[in-house]
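# Results of the structural survey
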Amino acid sequence: MAATRGRPREFDVDAALDRAIEVFWRQGYEGTSLSDLTEAMGINRPSLYNAFGNKEETFKRAVDRYAVVDMAYVDAALAAPTAYEVAERYLKDNVAAVTTPGRPPGCLSIQGGLAGSPEDDRVIRFLAERRQAGEARFAERFARAIGDGDLPASEDPADLAKYLSTVSAGLAVQAAAGATRAQLMGVVTRALRSFPR
């Protein structure tokens, strides 16, 4: 009979990642130490290394999970029937997400990498690439809307996507600085006046 290698994992990986998300969200990537992570996740360093790799890989896995769980509203917004409804649903759901009671205010993908040392350049690039990929999805949706006649042919899908991305990043920063849900919904109302119908 072959011997088994190592002990079986004794923790829930998703639950541990959820706790890592909280730490990275509150403290940013640079401000989070391995000790912060292991304490929050309820595991020791060897378990963290075995399950997730190093701090950078743990952060990337946390961001991936955050995108699936906390940002599921993006897929729902992209499925809205008109470009205007895509923008409206995305921005309103974004406000709800960045002001959820019991969660850190703001957005992990914004707060996680607002500041970083030169050694953290890979993480900052990773977050920028994730944001660009998100913008590309919106640009593709808006290009389809132009093709369907839902948006004027004079509109630039990439510009519209960048506009939404910029507004949503601003909402996250404002939420982290203490803006209320009502205040941010007022910003969304004003921002949507500039979106073509």
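See above for the structure.
Below is a summary of the structure that appears in this document. Being a predicted model, the structure only gives us computed values, none of them experimental.

## Observations regarding helix α10 (residues 181-192)
The terminal C-alpha atoms of α10, which comprises 12 residues, lie 16 Å apart, in line with the 16 Å expected from a rise of 1.5 Å per residue. When we look at burial in α10, the residues that qualify are L184, V188, A191 and L192. End-on, the buried residues of α10 take up no more than an arc of 95°, which puts them together on one face. Those residues of α10 that are exposed and angled more than 90 degrees off the buried face are A182 and R190. In the core, the buried residues of α10 are packed alongside α6 (83-98) and α9 (157-176).

## Considering the layout of surface pockets
Roughly 550 Å³ of internal volume is contained in the largest pocket. Taken together, 27 residues make up the lining of the largest pocket; nearest its centre are M71, V74, R130, R131 and G134. Contributions of two or more residues to the lining of the largest pocket are made by α4 (55-69), α5 (73-78), α6, α7 (108-111), α8 (121-148) and α9. Per element, the largest residue contribution to the lining of the largest pocket is seven residues, and it comes from α8. Residue composition of the lining of the largest pocket, grouped by class: 17 nonpolar, five polar and five charged.

## Structural notes on helix α3 (residues 45-52)
Where α3 is concerned, the buried positions are L48, A51 and F52. Projection of α3 onto a plane perpendicular to its axis shows the buried side chains occupying an angular sector of 80°, all on one side. The exposed set on the far side of α3, more than 90 degrees from its buried face, consists of P46 and N50. Residues of α3 that are buried make contact with α1 (13-27), α2 (34-41) and α4. Between a side-chain oxygen at the N-terminus of α3 and the backbone nitrogen of S47 the separation is 2.8 Å; the capping residue is N44. Two residues or fewer past α3, G53 is found with a positive phi of approximately 90°.

## Looking at the environment of F142
Among the structural elements, F142 can be located in helix α8. In this structure the C-alpha to C-alpha distance between F142 and T82, which are 60 residues apart in sequence, comes to 9.1 Å. F142 has contacts with A83, V86, L151, P157, L160, A161, L164 and F195, leaving out every residue within four places of it along the chain.

## Details of the pattern of salt bridges
Under the criterion given, the structure shown has 13 salt bridges. With a shortest N-O distance of 3.0 Å, E22 and R103 are connected by a salt bridge. In this pair, E22 is assigned in helix α1 and R103 in the loop between α6 and α7, connecting sequence segments 81 residues apart. Among the salt bridges present, the one from R125 reaches D121, with a minimum N-O distance of 2.3 Å. A residue pair is termed a helical-turn pair when its members lie 3 or 4 positions apart in one helix, as R125 and D121 do in helix α8 at four residues. The partly exposed category is assigned to R125, whose relative accessible area is 41%. Owing to a relative accessible area of 36%, D121 belongs among the partly exposed residues under this scheme. Ionic contacts of the salt-bridge type, sharing partners, join the residues E22, R26, D70 and R103 into one network.

Definitions and cut-offs
- Residues numbered from 1 in each chain as written.
- Predicted model: local features only at pLDDT ≥ 70, side-chain atom pairs only at ≥ 80, totals over all residues.
- Heavy atoms only, no water.
- Helix = DSSP H or I, 4+ residues; strand = E, 2+ residues; numbered from the N terminus.
- Expected span 1.5 Å × (residues − 1).
- Buried < 20%, exposed > 50% of the residue type's maximum accessible area, 1.4 Å probe, protein only.
- Arc of directions from axis to C-beta.
- Contact = heavy atoms within 4.5 Å.
- 1 Å grid on protein atoms, 1.4 Å probe; cavity = no way out; pocket = protein on both sides within 12 Å on 5 of 7 lines; lining within 4 Å.
- Points joined across faces, edges and corners; volume = space filled by probe spheres on them.
- Nonpolar A, V, L, I, M, F, W, Y, C, P; charged D, E, K, R; others polar.
- Polar contact = N/O pair within 3.5 Å; in protein donor to acceptor, adjacent residues only side chain to side chain.
- Salt bridge = Lys/Arg side-chain N within 4 Å of Asp/Glu carboxyl O.

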